[in-house]
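A structural walkthrough
The chain contents come next:
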Amino acid sequence: MLEVQISKSGMTKVIVTFHANTLEYFYATSNGGGRSFHVGHIKNIELVTNKKGKHLLHMETEYHKFDDEVEERAIPKTRELVAAVQEAMKAANL
């Protein structure tokens, strides 16, 4: 299992985990839980830097696009998580 808290500041304090081909997002402010996606539903996941220099975990499914800010200290672990998800996407090839 891989786990990274991509954001410690702000209200959301986002934690992202990857285990058993499932990517999950957890938010401190969420009343209804987080988000969960099987690698077979993920079209793209990558760590990007926007025009303002902010690092974002960008993830796309057929119907959704998500961009969650990644703090500088979390970049190495986020890269590891992205690589693992991308490898699982290739292996699943559903």
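Our subject is the structure listed above.
Before going further, it helps to spend a moment on the pairing of strand S5 (residues 42-49). If a strand is regular, its side chains alternate between the two faces of the sheet. Where S5 and strand S6 (residues 55-61) come together, 7 bridges link them in antiparallel fashion. The residue of S6 that forms the bridge with Ile42 is Thr61. Between the end of S5 and the start of S6, which pair antiparallel, lie 5 residues, with Gly53 showing a positive phi angle near 85°.

For any pair of aromatic rings, geometry is given as the distance between the ring centres together with the angle between the planes. Going through the model one piece at a time under the given rule, you end up with 2 aromatic pairs. Plain terms: the ring middles of Tyr25 and Phe66 are 6.5 Å apart, the flat faces sit at 40° to each other, and that makes the pair tilted. Of this pair, Tyr25 sits in strand S3 (residues 22-26) while Phe66 is found in strand S7 (residues 65-70), placing the two residues 41 residues apart along the sequence. Per residue, the accessibility class of Tyr25 equals that of Phe66, and both read buried. Their ring planes at 50° and their centres at 5.6 Å tell us that Phe37 and Phe66 sit as a pair that is tilted. You can see Phe37 sitting in strand S4 (residues 35-38) and its partner Phe66 sitting in strand S7, a full 29 residues away along the chain. Using a relative accessible area of 12% as the deciding quantity, one classes Phe37 as buried. Through a chain of ring-to-ring contacts, the aromatic side chains of Tyr25, Phe37 and Phe66 assemble into a single cluster.

This next bit is on the pattern of salt bridges. Summed over the entire model, instances satisfying the criterion amount to 4 salt bridges. Here Arg73 and Glu71 are joined by a salt bridge, their closest N and O atoms 3.3 Å apart. The shortest N-O distance in the salt bridge between Glu80 and Lys77 comes to 3.9 Å. Placement of the pair is Glu80 and Lys77 together in helix H1 (residues 75-92), with a separation of 3 residues, close to one helical turn.

Conventions and cut-offs
- Residues numbered from 1 in each chain as written.
- Predicted model: local features only at pLDDT ≥ 70, side-chain atom pairs only at ≥ 80, totals over all residues.
- Heavy atoms only, no water.
- Pairing = 2+ DSSP bridges.
- Helix = DSSP H or I, 4+ residues; strand = E, 2+ residues; numbered from the N terminus.
- Phe/Tyr/Trp six-rings, centres within 6.5 Å; stacked < 30°, edge-to-face > 60°.
- Buried < 20%, exposed > 50% of the residue type's maximum accessible area, 1.4 Å probe, protein only.
- Salt bridge = Lys/Arg side-chain N within 4 Å of Asp/Glu carboxyl O.

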